[in-house]
Amino acid sequence: MTTDSDQVADRLAAVRDRIDAARARAGRDDVVRLVAVSKTHSWESMAAAVAAGVDELGENRVAELVGKQDLPDPHGRLAGVTWHFVGRLQSRKATDLVGRDLLVHAVDRRSLVDRLQRLAAREGVVQRVLVQVNVADDPAKAGCDLHEADELVAYACRHPDVEVQGLMTIPPLAASTAGEAGRYFARLRTLRDRLVRTWPTVRELSMGMSNDLEAAVAEGATMVRVGTDIFGPRGDGPWLPATKDAG
Ligand SMILES: *Cc1c(COP(=O)(O)O)cnc(C)c1O
């Protein structure tokens with residue numbers, strides 16, 4: 001094992017301990033899924049994380065995800081991984097994602113639902129999505145506004161080849177204390193608890209990152225998205241495989 005993969009394994013163990021401690025404090029005995037967000041990090045680091053037990057990986061740029069997924073993997077080091085697309089998705093790039101069997105976390109508008117429906121029908125697949133909600137009505141953050149969420153979820157649920165599996169949020173940066181972030185996470189949970197009565201597939205709560213995962217688990221997160229605390233500080237831009245023949 002290289003030092004790098006030792007480090008990833010150690011950090012991963014520490015993150016799992018934090019999740020377990022937060023679950024215990026909240027009296028939860030259900031599973032909290034851990035999505036390791038690998039954006040800007042190399043394929044090797046991702047393989048190291050998988051070797052250490054990660055089974056879900058998330059990316060936030062289409063080209064980076066596609067490049068990493070399509071790298072030759074003769075030893076199956078990323079085999080069996082569940083993939084997530086956690087970034088903002090431009091409609092015209094959705095065509096590169098649909099058919100890759102991944103969960104799209106950040107559906108925030110009707111036009112994207114329409115686009116995913118068309119592509120999924122064409123591919124003969126069901127596209128699994130979360131609806132991203134801007135729980136703080138923070139102009140700097142993506143996601144539909146809280147008061148639009150019911151309508152957008154209902155809209156998406158009426159599309160036969162789009163399955164809404166839950167909700168996702170990113171609290172404002174300014175929510176620096178666990179208590180503040182927790183208030184926002186609680187809003188998403190309240191919304192989910194209401195929506196799931198009408199739309200039974202709307203169960204997942206994707207919330208919590210490196211710096212606020214405890215608060216998210218306390219408020220019922222079913223999946224947390226952790227990058228930095230597993231892989232270390234991010235690089236300057238997307239990681240792309242070296243191409244032999246760029247031209
Ligand atoms: C990068 C990213 C994360 C991981 O953030 P960290 O603070 O590094 O854990 C989680 N969610 C989304 C949507 C991201 O883009």
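The structure this text deals with has already been given above.
Let me begin by describing the structure that accompanies this report. (Residues numbered from 1 in each chain as written. Predicted model: local features only at pLDDT ≥ 70, side-chain atom pairs only at ≥ 80, totals over all residues. Heavy atoms only, no water.)

### With respect to the packing of helix H4 (residues 110-123) against helix H5 (residues 149-157)
Phase 1: Running from amino to carboxyl end, H4 crosses H5 at an angle of 15 degrees, the nearest separation of the two axes being 10 Å. As far as their axial angle goes, H5 and H4 are roughly parallel. Seen along the crossing, H4 lies across H5 with a hand that is right-handed. Together, Arg-110, Val-113 and Asp-114 of H4 and Glu-151, Leu-152, Tyr-155 and Ala-156 of H5 make up the contact between the two elements.
Phase 2: Classifying every residue of the contact of H4 with H5 by side-chain character gives 4 nonpolar, no polar and 3 charged. (Axes fitted to C-alpha atoms, helices over the stretch in contact; angles between N-to-C directions. Helix = DSSP H or I, 4+ residues; strand = E, 2+ residues; numbered from the N terminus. Parallel < 35°, antiparallel > 145°, perpendicular 65-115°, else oblique. Left-handed = near helix turned anticlockwise from the far one by under 90°. Contact = heavy atoms within 4.5 Å. Nonpolar A, V, L, I, M, F, W, Y, C, P; charged D, E, K, R; others polar.)

### Details of helix H3 (residues 62-69)
Phase 1: For H3, the buried fraction is high: 6 of the 8 residues fall into the buried class.
Phase 2: Taken residue by residue, H3 has Val-62, Glu-64, Leu-65, Val-66, Gly-67 and Lys-68 as its buried positions.
Phase 3: Here the buried face of H3 lies against helix H2 (43-51), strand S2 (56-59), strand S3 (82-85) and strand S4 (102-107). (Buried < 20%, exposed > 50% of the residue type's maximum accessible area, 1.4 Å probe, protein only.)

### Details of the pairing of strand S7 (residues 162-168)
Phase 1: Here S7 lies mainly inside the structure; 6 of its 7 residues are buried.
Phase 2: Bridge count between S7 and strand S8 (residues 204-206): 3 bridges; the pairing is parallel. Residue pairing in the sheet places Leu-167 in a bridge with Leu-205 of S8. (Pairing = 2+ DSSP bridges.)

### Let's talk about the state of the cysteines
Phase 1: Applying the stated rule across the entire model yields 0 disulfides.
Phase 2: Of all cysteine sulfurs, the one in Cys-157 lies closest to Cys-144, which takes part in no disulfide; the gap is 12 Å.
Phase 3: Residue Cys-144 is classed as buried on the basis of its relative accessible area of 3%.
Phase 4: With a relative accessible area of 22%, Cys-157 lands in the partly exposed category. (Disulfide = S-S within 2.5 Å.)

### Here we look at the nonpolar core
Phase 1: Core analysis: the largest hydrophobic core is formed by 65 residues, its most contacted members being Leu-57 and Leu-167.
Phase 2: Ranked by the residues each element gives to this core, the list is headed by helix H6 (residues 178-198), at 6 residues.
Phase 3: Leu-57 has contacts with Val-35, Ala-36, Ser-38, Met-46, Val-50, Leu-78, Val-81, Thr-82, Trp-83, His-84 and Phe-231, leaving out every residue within four places of it along the chain.
Phase 4: With 7 residues, the next largest nonpolar core counts Val-37, Val-86, Leu-130 and Met-168 among its residues. (Core = buried A, V, L, I, M, F, W, Y, C linked by side-chain atoms within 4.5 Å.)

### Here we look at the packing of aromatic side chains
Think of a pair of aromatic rings as described by two things: how far the centres are apart, and how the planes are tilted against each other in angle.
Phase 1: Following the criterion strictly, the structure yields 0 aromatic pairs and no others.
Phase 2: Directly above the aromatic system of Tyr-184 lies the positively charged group of Arg-183, at a separation of 5.6 Å from the ring centroid. (Phe/Tyr/Trp six-rings, centres within 6.5 Å; stacked < 30°, edge-to-face > 60°. Lys NZ or Arg CZ within 6 Å of the ring centre and 35° of its normal.)

### Here's the deal with the site of the ligand
Phase 1: The environment of the ligand is made up of Val-37, Lys-39, Val-86, Met-168, Ile-170, Met-209, Ser-210, Arg-225, Val-226, Gly-227, Thr-228 and Arg-234.
Phase 2: Between the ligand and Arg-225, the relevant distance is 2.9 Å, taken from a nitrogen atom to a side-chain nitrogen or oxygen of the residue.
Phase 3: Contact distances for the ligand include 2.8 Å between an oxygen atom and a backbone N or O atom of Gly-227.
Phase 4: When the ligand sits alone it has 390 Å² of accessible area, and the protein chains cover 89% of it.
Phase 5: A molecule is said to occupy a pocket when more than half its atoms come within 2 Å of that pocket's grid points, and by this definition the ligand occupies the largest pocket. (Near = heavy atom within 4 Å. Polar contact = N/O pair within 3.5 Å; in protein donor to acceptor, adjacent residues only side chain to side chain. Areas by Shrake-Rupley, 256 points an atom, 1.4 Å probe, with all protein chains shown as cover. 1 Å grid on protein atoms, 1.4 Å probe; cavity = no way out; pocket = protein on both sides within 12 Å on 5 of 7 lines; lining within 4 Å. Sits in = over half its atoms within 2 Å of the grid points.)

### Some points on unusual backbone geometry
Phase 1: The residue Thr-40 is not glycine, and still its phi comes out positive at about 70 degrees.
Phase 2: Mapped onto the elements of the fold, Thr-40 is located in the loop between strand S1 (33-37) and H2.

### Structural notes on the side chain of His-105
Phase 1: Inspection of the secondary structure assignment puts His-105 in strand S4.
Phase 2: At a separation of 3.0 Å, a polar atom in the side chain of His-105 contacts the side chain of Ser-206.
Phase 3: For His-105, the contacting residues outside a window of four places in its chain are His-84, Phe-85, Val-86, Leu-130, Val-131, Gln-132, Met-168, Ser-206, Met-223 and Arg-225.

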